[in-house]
Amino acid sequence: MTSDEALMLEFQRGSREAFEELFARYREPLYGFFCRRLESRERAEDLAQETFLAVIRASSRYEPRALVRTYLYGIALNLVASERRTRVRNAVLVEGGSEVAANPDSDAALWVRRALERLDASEREILMLREYEQLSYSEIAQLLRIPVNTVRSRLFRARLALKIWLEPEKRTHGSGMAIDASARRREGEGLK
Amino acid sequence: MSQNHPFEQEELMAYLDGELSTDRATAAVAHLERCPDCQRVAAVLREVSQDLMAWEVGSSSPRIEAGISSALEERGRESAGANAGKEIPVGISRVRRFTPWALGFAAICLVVFVWSVKSVGPNPGKPFNSVPSSVGEPMAERAPVNGRIYDRLQQFSKLQQAPEVQAPPMDSNGLPQGTGVHAQRSISVDGRPPTNSASPVRAEILMAGDSVVPPPGGPMIVRTAGVTLTTRDFDQARAGLDDILRRHRGYVGELNVNTPAGVGRTLTATLRVPADQLDATLAELRKLGRVEAESQSGQEVTAQYVDLEARLLNGRNTERRLIDVLQQRTGKLADVLAVETELSRVRGEIESMESQGKSLAKQVDFATLNATVNEDYKAQLQVVPPSTSTQFRNAAVDGYRSMVDGIVGVAVFLFSYGPSLLLWCAVLFFPVRFFWRKFRRVNPE
């Protein structure tokens with residue numbers, strides 16, 4: 001299979017088929033990336049499209065110094081950050097402008113989503129990049145501009161914390177999401 | 001890590017993620033087979049990953065492809081235009097993409113534009129408190145919403161130029177009428193959350209309509225190069241340097257020439273050349289002499305630029321909404337002042353981001369080339385020694401200089417330490433005299 005970087009270089013030379021192949025490879029991953037970070041599926045599609053448009057605009061001066069995958073997710077992270085800033089401003093300026101969740105998630109997905117929301121933002125981003133985008137530690141470190149060891153330690157902390165929030169028996173108790181800190185601490189000590 | 005557990009738990013996790021080297025991974029497998037504690041940790045980590053997979057987001061809709069295909073067509077046209085030696089502006093190529101539809105669309109836009117300009121033009125007979133229909137209309141000519149806001153707007157109009165935005169006419173509910181670019185633009189400034197419904201294509205239209213730094217044509221690399229040369233003919237190299245710069249449309253950022261005695265001359269220059277001419281310029285510079293050192297580096301600033309562009313777009317949207325609020329809403333003076341303060345802040349941010357974008361684009365367009373040219377110095381043999389009289393004269397001058405330096409040194413020492421010496425002499429004089437006399441009495445001989 002042709003590598004992403006080779007496809008990008010072909011696209012740079014004018015091959016539309018190369019871009020269509022890249023688009024086919026990353027369309028759903030990028031859509032999933034935005035979908036899991038934004039409330040609206042339509043907005044996720046818009047931003048996924050905007051990511052590819054940015055790649056098209058930038059193609060003529062592309063140099064294969066980094067992986068195309070890292071390049072794409074770098075753009076996507078910037079777009080998400082910009083989107084969040086806009087949402088905060090709108091919430092301040094427009095009364096009642098808070099966005100309503102429009103994602104028809106299943107119960108299991110909702111459970112995972114709420115558990116992830118309890119994590120620290122930096123740990124959550126690393127965990128999601130690893131689990132959903134399947135990026136390596138070094139790719140995550142490059143994207144977030146932090147050392148690889150920091151990625152590893154935060155990822156480990158995030159997984160242990162998430163284990164508590166995702167504990168299956170709590171799921172059956174309805175409001176069992178409010179697990180107290182002592183239980184979390186006990187679990188952490190038990191694992192160590 | 002302990003004797004029982006040769007692996008940290010984080011390292012175990014790295015093994016499960018396939019992030020360990022082969023030898024460590026082999027050792028991890030062996031340890032996992034016999035260590036129940038580590039097996040439990042591994043099971044927990046695997047379980048978390050499996051639980052996370054429960055969050056599936058489904059597939060995207062086909063509408064994601066619409067904008068992409070049109071952008072690809074546009075890119076094809078742009079590259080064709082570039083091959084023909086013509087740069088097609090983004091806005092023009094975007095209109096060409098739609099061909100027949102674009103013509104109809106443009107006609108509708110033109111009609112709406114003409115109608116809106118007529119409706120918001122200077123009209124002495126217009127009622128004093130009618131609602132203004134365009135934020136692009138000069139503030140002084142615009143009818144006020146009420147007296148207080150009108151006064152503020154007039155003051156503001158003296159400080160700021162009116163934004164280059166033409167909004168469509170408003171209906172009785174204050175909502176925009178019509179279709180096309182103007183209608184789309186007005187939707188984004190009508191005070192509702194616009195960004196969630198705005199498509200990227202519409203964002204492009206917004207960008208094209210504003211006086212923003214145009215988006216880059218690809219990854220933006222700030223290129224820097226350095227070359228150190230040694231040449232026998234320094235003057236010819238200097239002239240060659242100027243000639244190369246002129247031919248490649250570059251300019252000198254800084255240039256220093258040192259001509260110390262006894263060694264060769266040195267030229268140090270910081271040159272700015274168009275990025276696409278950097279390689280050619282370097283190749284020609286190498287011919288000016290022997291290359292002692294050479295370096296090249298590039299820093300990619302695409303992500304920074306895209307982020308800046310997105311923030312700029314958001315800033316403009318916010319600015320439009322604030323102007324809309326000022327125009328269409330009445331309220332307390334304090335509210336108006338608060339909106340104006342926010343507007344000033346947002347405009348300041350926009351100007352700052354625009355200047356950052358221009359600066360970034362300039363850095364990308366022009367590469368920095370640090371050139372150092374050293375002269376291959378040939379030492380001159382001094383065959384005529386100085387005359388005897390000159391040597392005597394120089395010796396006399398040196399002697400006089402030494403004498404003056406010595407006197408000055410003694411004077412400086414006395415001024416520096418004299419007071420202290422006098423003080424200690426005064427303090428020690430009487431005790432010393434006392435002991436001396438006593439010693440003399442005990443030992444008269």
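Residues numbered from 1 in each chain as written. Chains lettered and ligands numbered in written order. Predicted model: local features only at pLDDT ≥ 70, side-chain atom pairs only at ≥ 80, totals over all residues.

1. Side note on the overall build of chain B
Turning to step 1, where the next piece is worked out: If you tally the helices and strands in chain B, you get 14 helices and five strands.
Turning to step 2, where the next piece is worked out: Considering chain B as a whole, with its 445 residues, one finds that 24% of them fall into the buried category.
Turning to step 3, where the next piece is worked out: Contacts in chain B between residues far apart in sequence, at least 24 positions, make up 69% of those at least 6 positions apart. (Helix = DSSP H or I, 4+ residues; strand = E, 2+ residues; numbered from the N terminus. Buried ≥ 20, exposed ≤ 12 C-beta atoms within 10 Å, placed from the backbone. Contact = placed C-beta atoms within 7 Å.)

2. A word on the environment of B:Pro6
Turning to step 1, where the next piece is worked out: Relative to the helices and strands, B:Pro6 is located in the segment before helix H1 (9-16).
Turning to step 2, where the next piece is worked out: Residues B:Pro6 and B:Ala27, 21 residues apart in the sequence, show an inter-C-alpha distance of 9.1 Å.

3. A look at the interface of chain A and chain B
Accessible area lost when the parts come together is the quantity often used to give the size of an interface.
Turning to step 1, where the next piece is worked out: Listed per partner, the contact involves 58 residues of chain A and 50 residues of chain B.
Turning to step 2, where the next piece is worked out: Of all the secondary-structure elements, those providing two or more residues to the side of chain A that touches chain B are helix H2 (16-35), helix H3 (41-58), helix H4 (68-93), helix H5 (107-117) and helix H8 (148-165) of chain A.
Turning to step 3, where the next piece is worked out: Looking at the side of chain A that touches chain B, the element that brings in the most residues is H3(A), giving twelve residues.
Turning to step 4, where the next piece is worked out: A per-class count over the side of chain A that touches chain B returns 23 nonpolar, 14 polar and 21 charged. (Nonpolar A, V, L, I, M, F, W, Y, C, P; charged D, E, K, R; others polar.)

4. Side note on the sheet that holds strand E3 (residues 266-274) of chain B
Residues and elements named next belong to chain B.
Turning to step 1, where the next piece is worked out: Read from one edge to the other, the open sheet built from five strands follows the order E2-E3-E5-E1-E4, with strand pairing classed as mixed. Edge positions in the sheet fall to strand E2 (251-258) and strand E4 (290-300), since each has one partner strand and no second. The mean angle between the axes of side-by-side strands here comes to 10°, regardless of whether they run parallel or antiparallel.
Turning to step 2, where the next piece is worked out: The strands touched by helix H11 (residues 278-286) within the sheet are strand E1 (221-231), E3, E4 and strand E5 (366-375), with E1 carrying the most contacts at an inclination of about 5°.
Turning to step 3, where the next piece is worked out: Against the sheet, helix H13 (residues 333-365) touches E1, E3 and E5, its axis set at about 40° to E1. (Pairing = 2+ DSSP bridges. Axes fitted to C-alpha atoms, helices over the stretch in contact; angles between N-to-C directions.)

5. Thoughts on helix H12 (residues 302-328) of chain B
Turning to step 1, where the next piece is worked out: Counted at 1.5 Å a residue, the expected span for H12(B) with its 27 residues is 39 Å, and the 39 Å between its end C-alpha atoms agrees.
Turning to step 2, where the next piece is worked out: H12(B) sits mainly inside the fold: 20 of its 27 residues count as buried. (Expected span 1.5 Å × (residues − 1).)

6. Quick look at unusual backbone geometry
Turning to step 1, where the next piece is worked out: A positive phi angle is found at A:Arg145, which is not glycine, with a value near 55°.
Turning to step 2, where the next piece is worked out: Relative to the assigned elements, A:Arg145 resides in the loop between helix H7 (137-144) and H8.
Turning to step 3, where the next piece is worked out: Its identity is not glycine, yet B:Arg249 carries a phi of approximately 60°, on the positive side.
Turning to step 4, where the next piece is worked out: Mapped onto the secondary structure, B:Arg249 falls in the loop between helix H10 (234-247) and E2.

7. Quick notes on the environment of A:Asp46
Turning to step 1, where the next piece is worked out: Here A:Asp46 lies in helix H3.
Turning to step 2, where the next piece is worked out: Each C-alpha atom of the pair A:Asp46 and A:Phe34 lies 9.3 Å from the other, and the pair is twelve residues apart in sequence.

8. Examining the packing of helix H6 (residues 121-131) of chain A against H8(A)
All names here are of chain A.
Turning to step 1, where the next piece is worked out: It is the contact of H6 with H8, at a shortest axis distance of 9 Å, that shows an interaxial angle of 95°. Put simply, H6 runs roughly perpendicular to H8. For the pair H6 and H8, the contacting residues are Ser122, Glu123, Arg124, Ile126, Leu127 and Arg130 in the first and Val151, Arg154, Leu155, Arg157, Ala158, Arg159 and Leu162 in the second.
Turning to step 2, where the next piece is worked out: Its residues assigned to classes, the contact of H6 with H8 comprises six nonpolar, one polar and six charged. (Parallel < 35°, antiparallel > 145°, perpendicular 65-115°, else oblique.)

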